[in-house]
Amino acid sequence: MQFRQATLADLPAATAIIRMAVERMLSLGRKQWDHTYPTDTDIFDDIADGRGFVLTDRQETVVAYGAVSHDPEPAYEEIEGDWLSDIPYIVVHRLAVDPTRRGQGYGRIFLESVETLAAGNGTGSFRIDTNHDNTEMLSILARLGFEYCGLIRYGHGERMAYEKLI
């Protein structure tokens, strides 16, 4: 396994994983993502701006993609609830695992790798949000010790916000 910053060479794999994840969510009636978000442009911008990260398997095949940022998330400024801290944080958006590789722990490994990255940079907090019906992500967050902090809102909907102190 390797967790690393994505390059433009990873763009086709990353966009394919995101598209497959969108189709899976829609087929299950979930409302977190649709055909308008996230887009290929979102993924390209992530990678071009240095926020795109991938997890690869032993054959160096991309199995997970996510956007990782140390920049404050504007939507997190208005939370219906309370964050655990007011310290600088790392945040993950657009995390998706290749649906054909589900159940192998790649989502957990990706998030653990982000936590290791944050700790190595001296960042003491890890925040993330997800939709109420994203049962896989909710399960991973619970196993990794994230605490529910409240609700945040984006233009495309309300999300459950979590934080873990590192």
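As shown above, the structure is provided for reference.
Caption draft 1: Inspection of the packing of helix α3 (residues 106-120) against helix α4 (residues 135-143) at higher detail. Running from N to C, α3 and α4 cross one another at 50 degrees; their axes reach a closest spacing of 10 Å. Considering the angle they form, α3 stands oblique to α4. For the crossing formed where α3 meets α4, the hand is right-handed. Here G107, R108 and L111 of α3 lie close against α4, whose contacting residues are M137, I140 and L141. Of the residues belonging to the contact of α3 with α4, the class tally is four nonpolar, one polar and one charged.

Caption draft 2: Examining the side chain of D57 more closely. Examined against the element boundaries, D57 turns out to sit in the loop between β2 (52-56) and β3 (62-69). Of note is the side chain of D57, whose polar atom sits 2.9 Å from the backbone nitrogen of Q59. Excluding residues that lie within four positions of it along the chain, D57 makes contacts with M1, V63, R101 and Y106.

Caption draft 3: Structural context of helix α1 (residues 11-27). With 17 residues, α1 should cover 24 Å at 1.5 Å per step; its first-to-last C-alpha distance of 24 Å lies within 8% of that length. If you check which residues of α1 are buried, you get L11, A14, T15, I17, I18, A21, V22 and M25. Down the axis of α1, the buried set is contained in an arc of 155 degrees. They therefore lie on one face. Exposed positions of α1 whose direction lies more than 90 degrees from the buried face are P12 and S27. Buried residues along α1 sit against α2 (40-48), β3 and β5 (89-97).

Caption draft 4: Spotlight on the nonpolar core. Ranked by internal contacts, the top residues of the largest apolar core, which has 25 residues, are V92, F110, L111 and I128. Elements with a minimum of two residues in this core: β2, β3, β5, α3, β6 (125-130), α4 and β8 (157-165). In this structure F110 touches F3, F53, V54, L55, A64, Y65, G66, V68, V92 and L95, once residues within four positions along its chain are discounted. The next biggest cluster of nonpolar side chains, apart from the first, holds 16 residues, and it includes L11, A14, M25 and I47.

Caption draft 5: Region of the structure containing the packing of α1 against α2. The interhelical angle for the contact between α1 and α2, taken along N-to-C directions, is 135 degrees, at an axis separation of 10 Å. Considering the angle they form, α1 stands oblique to α2. Crossing hand, α1 versus α2: right-handed. The segment α1 lies against α2, with L11, A14, T15, I18 and R19 engaging D40, I43, F44 and I47. Here the residues of the contact of α1 with α2 sort into six nonpolar, one polar and two charged.

Caption draft 6: View of the pattern of salt bridges. According to the stated counting rule, one finds 14 salt bridges in the structure shown. The residue R51 makes a salt bridge to D49 at a minimum N-O spacing of 3.1 Å. For R51, a relative accessible area of 23% puts it in the partly exposed group. One salt bridge in this structure joins E80 and R153, with 3.0 Å as the shortest N-O distance. With E80 in strand β4 (residues 80-81) and R153 in strand β7 (residues 147-154), the pair connects residues that are 73 residues apart, well separated along the chain.

Cut-off values and rules
- Residues numbered from 1 in each chain as written.
- Predicted model: local features only at pLDDT ≥ 70, side-chain atom pairs only at ≥ 80, totals over all residues.
- Heavy atoms only, no water.
- Axes fitted to C-alpha atoms, helices over the stretch in contact; angles between N-to-C directions.
- Helix = DSSP H or I, 4+ residues; strand = E, 2+ residues; numbered from the N terminus.
- Parallel < 35°, antiparallel > 145°, perpendicular 65-115°, else oblique.
- Left-handed = near helix turned anticlockwise from the far one by under 90°.
- Contact = heavy atoms within 4.5 Å.
- Nonpolar A, V, L, I, M, F, W, Y, C, P; charged D, E, K, R; others polar.
- Polar contact = N/O pair within 3.5 Å; in protein donor to acceptor, adjacent residues only side chain to side chain.
- Expected span 1.5 Å × (residues − 1).
- Buried < 20%, exposed > 50% of the residue type's maximum accessible area, 1.4 Å probe, protein only.
- Arc of directions from axis to C-beta.
- Core = buried A, V, L, I, M, F, W, Y, C linked by side-chain atoms within 4.5 Å.
- Salt bridge = Lys/Arg side-chain N within 4 Å of Asp/Glu carboxyl O.

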